[in-house]
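Examining the three-dimensional arrangement
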Amino acid sequence: MAHGLHRCIKRVTHIFRLRNLTQWAQKMQMTTKLSEVGMLESPKEKGPYNIGQLFLHRVFGFRGIILFPWQANVFDRDDQVDQGANRFYKDGNAGKQGYLKAKQVDYYQVLIDARDMPFVRAQTEQVTFLGSQENKGSLYAVPGLDYVSHEDIMPYTNTDKQPIQHELFDRFLQHNPNHNSTFTPSDTLLAWQQRNNMWLELSDVHRESTENIRVTVIPFYMGCRESQDTPMYWWRYCIRLENRGKETVQLRERHWRIFSIKGTLETVRGRGVIGQEPVLSETQPAFQYSSHVSLQAKTGHMWGTFKMERQNGTSFECRIPPFSLESKEEYPGGNTFTD
């Protein structure tokens, strides 16, 4: 029975990857060629995956490997009940109604296979942070490093000693065939995680859907720098849009409101996002990008809308869930890799 299930899952994976590879080939005008990546395992409903677990991304289809887990507070505004002018939210644990409460969800810091990066509808440079105070002009960026939710992990096994191609693979992981996940964290990875925990930490995730378009926002604090003797606090925010319906839509405009604790309110409007106007369809349902924002205050809030256009020319405003911009106390130290 178990072998039959594995064969079935394996076939589904081939179909899944065939669909994505075919789309990529059409876009890149290449010839599609499939290759084995390993044997899929049954996804875990509960409990975190181990460091070193290989996986396929459920939505974007890329190959990756887990570096370490994070316990995130997910504020999901889809778990709400409308009662006239008042909006309440469902408490999944107690079955009561109240204001929006966070759910504890496992997220993972992962490495993305470099061979898949050109074909992923997501920015592969997902992690950026400012250098230490001693290196005020430094901005560190780590390509191919992403955050993936538990529900998007499709675990698999592979007997290769280096199944993922990434420049940090050998420095962060070591082959251990006697371990459950075959790969274990190196001392370099553990030291790097501890050294940069402030910048890497994922704490809050915000979600909201409008007409089957789900917007997920994850903010990260990057650091503080002075500009003309004025402290500027920087944040990065990662946004994922996912079409969970059947109707094709295209993102045309963005409208942001940025509030500072000092009392200022800034409005930003523009075409598309990061120079693109992505189409969300059944075959390519998701798009992910990152951007940055700075304030002259330690805290603030952001919220807004995306203007989505249907194929018949009509449009609607897709809500971006409000999220906080919270700074952290910085400590001296660099962000470089040390063996």
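Whatever comes next refers back to the structure up there.
Scope of this entry: the structure provided in the associated data block. Just so it is clear, the structure is predicted and the values come from calculations on it, not from any experiment. (Residues numbered from 1 in each chain as written. Predicted model: local features only at pLDDT ≥ 70, side-chain atom pairs only at ≥ 80, totals over all residues. Heavy atoms only, no water.)

**What to know about the overall build of the protein**
When its secondary structure is counted, the protein shows four helices and 22 strands. In the protein, which comprises 339 residues, the share counted as buried stands at 47%. For the protein, the share of sequence-separated contacts (at least 6 apart) that also reach a separation of at least 24 residues comes to 68%. For the protein, the accessible area works out to roughly 17,600 Å², and carbon and sulfur atoms hold 48% of it. (Helix = DSSP H or I, 4+ residues; strand = E, 2+ residues; numbered from the N terminus. Buried < 20%, exposed > 50% of the residue type's maximum accessible area, 1.4 Å probe, protein only. Contact = heavy atoms within 4.5 Å. Areas by Shrake-Rupley, 256 points an atom, 1.4 Å probe, with all protein chains shown as cover.)

**Digging into empty space enclosed by the protein**
One pass over the structure, following the stated rule, counts four cavities of 30 Å³ or more. Of the volumes computed, that of the largest cavity is approximately 160 Å³. What lines the largest cavity is a set of 16 residues, and nearest its centre among them are Tyr107, Tyr147, Ile218, Arg240 and Gln288. Of all the secondary structure elements, the ones that give two or more residues to the lining of the largest cavity are strand S10 (145-149), strand S15 (213-227) and strand S16 (230-243). Ranked by residue count, the leading element in the lining of the largest cavity is S10, at four residues. Classifying every residue of the lining of the largest cavity gives six nonpolar, four polar and six charged. (1 Å grid on protein atoms, 1.4 Å probe; cavity = no way out; pocket = protein on both sides within 12 Å on 5 of 7 lines; lining within 4 Å. Points joined across faces, edges and corners; volume = space filled by probe spheres on them. Nonpolar A, V, L, I, M, F, W, Y, C, P; charged D, E, K, R; others polar.)

**A short note on the packing of aromatic side chains**
As enumerated under the stated definition, the model contains 12 aromatic pairs in all. Ring geometry for Phe68 against Trp70: centres 5.6 Å apart, planes inclined by 85 degrees, an arrangement best described as edge-to-face. Each member of the pair, Phe68 as well as Trp70, is classed as buried. Ring centres of Tyr147 and Phe220 lie 4.8 Å apart, and the angle between their planes is 35 degrees; on these two criteria the pair is classed as tilted. (Phe/Tyr/Trp six-rings, centres within 6.5 Å; stacked < 30°, edge-to-face > 60°.)

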